[in-house]
Amino acid sequence: TLHRTKPVALSEEQLASLAAADAVLFASGSAAKSVAASLEASGAADLRAALGTARPVAIGPTTEVALRDLGIQPAAAADPHTIDGLIDATVALLA
């Protein structure tokens, strides 16, 4: 394993920030799953409810699938599938 994403309980402040965001960027499918697991560890609502009106942005197709598996429809996806592409997709979405 090259890396491991470990869920942790989120604070009330972190949960509020998540719900208040305009967009939430997911740079990997494992990150999306970890956020969902962290919400569960916090006793919070599921990912879809916790996002509120925040629009999820995926770095690429694999991350889009992971989000959909969690019941989340990505609002945008990066193209190219890079951090710069993720930022560009988010800027375009929020423009």
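So, here is what we can say about the structure in this document. Sequence order as written defines the numbering, with residues in each chain counted from 1. Where totals are concerned, whole chains, interfaces and linings use all residues; where local detail is concerned, this predicted model gives features only for residues with pLDDT of at least 70, and gives and counts side-chain atom pairs only at 80 or more. Think of the side-chain values as coming from all heavy atoms in the structure, minus any hydrogens and water.

**Section: the overall build of the protein**
At step 1: Helix and strand counts for the protein come out as five helices and three strands.
At step 2: Of the regular secondary structure in the protein, the N- to C-terminal order runs α-β-α-α-β-α-β-α.
At step 3: It is over C-alpha atoms that the radius of gyration is taken, and the globule rule equals 2.2 Å times the number of residues to the power 0.38. For the protein, whose C-alpha radius of gyration is 13 Å, the value lies close to the compact-globule estimate of 12 Å for 95 residues.
At step 4: Seen through its C-alpha atoms, the protein measures out along the principal axes to roughly 35 × 35 × 20 Å.
At step 5: Burial classes follow relative accessibility: with a 1.4 Å probe on protein chains only, a residue under 20% of its type's maximum area counts as buried, one over 50% as exposed, and anything between as partly exposed. Burial status across the protein gives 35% buried among its 95 residues.
At step 6: Residue pairs at least 24 apart in sequence account for 62% of intrachain contacts in the protein once pairs closer than 6 positions are excluded.
At step 7: For every accessible area listed, the method is Shrake-Rupley and the probe measures 1.4 Å; residues are considered covered only by the protein chains on display. As displayed, the protein offers around 5,700 Å² of accessible surface, 55% of which is attributable to carbon and sulfur atoms. By the criteria applied, helices consist of DSSP H or I runs no shorter than four residues and strands consist of E runs no shorter than two, each listed in order from the N terminus. Should any heavy atoms of two residues lie within 4.5 Å, those residues are considered in contact.

**So, the nonpolar core**
At step 1: Within the largest apolar cluster, 15 residues are counted, with the highest numbers of intra-cluster contacts made by L18, V24, L39, L47, L51 and L67.
At step 2: Going through the elements one at a time, α1 (12–20), β1 (23–26), α2 (29–41) and α3 (47–51) are the ones with two or more residues in this core.
At step 3: By nonpolar core we mean a set of buried residues, namely Ala, Val, Leu, Ile, Met, Phe, Trp, Tyr and Cys, connected to one another through side-chain atoms within 4.5 Å. With seven residues, the next largest nonpolar core counts A23, I59, A76 and L86 among its residues.

**Quick look at the sheet that holds β1**
At step 1: Two strands form a pair only when DSSP identifies at least two bridges running between them. Strand order across the open sheet formed by three strands is β1-β2-β3, with parallel pairing between neighbours. Every other strand in the sheet has two partners, leaving β1 and β3 (76–77) as the edge strands with one partner each.
At step 2: Alignment of β1 against strand β2 (residues 55–58), held across four bridges, turns out to be parallel. Residue pairing for β2: V24 is matched across the bridge by P56.

**Concerning the side chain of T63**
At step 1: Of note, T63 is situated in helix α4 (residues 61–69).
At step 2: The exposure class of T63 is buried, given its relative accessible area of 4%.
At step 3: Here a polar contact means two N or O atoms within 3.5 Å. Within protein one must be a hydrogen donor candidate and the other an acceptor candidate, and residues neighboring in sequence count only if both atoms are side-chain atoms. Side-chain polar atoms of T63 contact the backbone nitrogen of G29, separated by 3.4 Å.
At step 4: Leaving out residues up to four positions away in the same chain, T63 has contacts with F26, A27, S28, G29 and A58.

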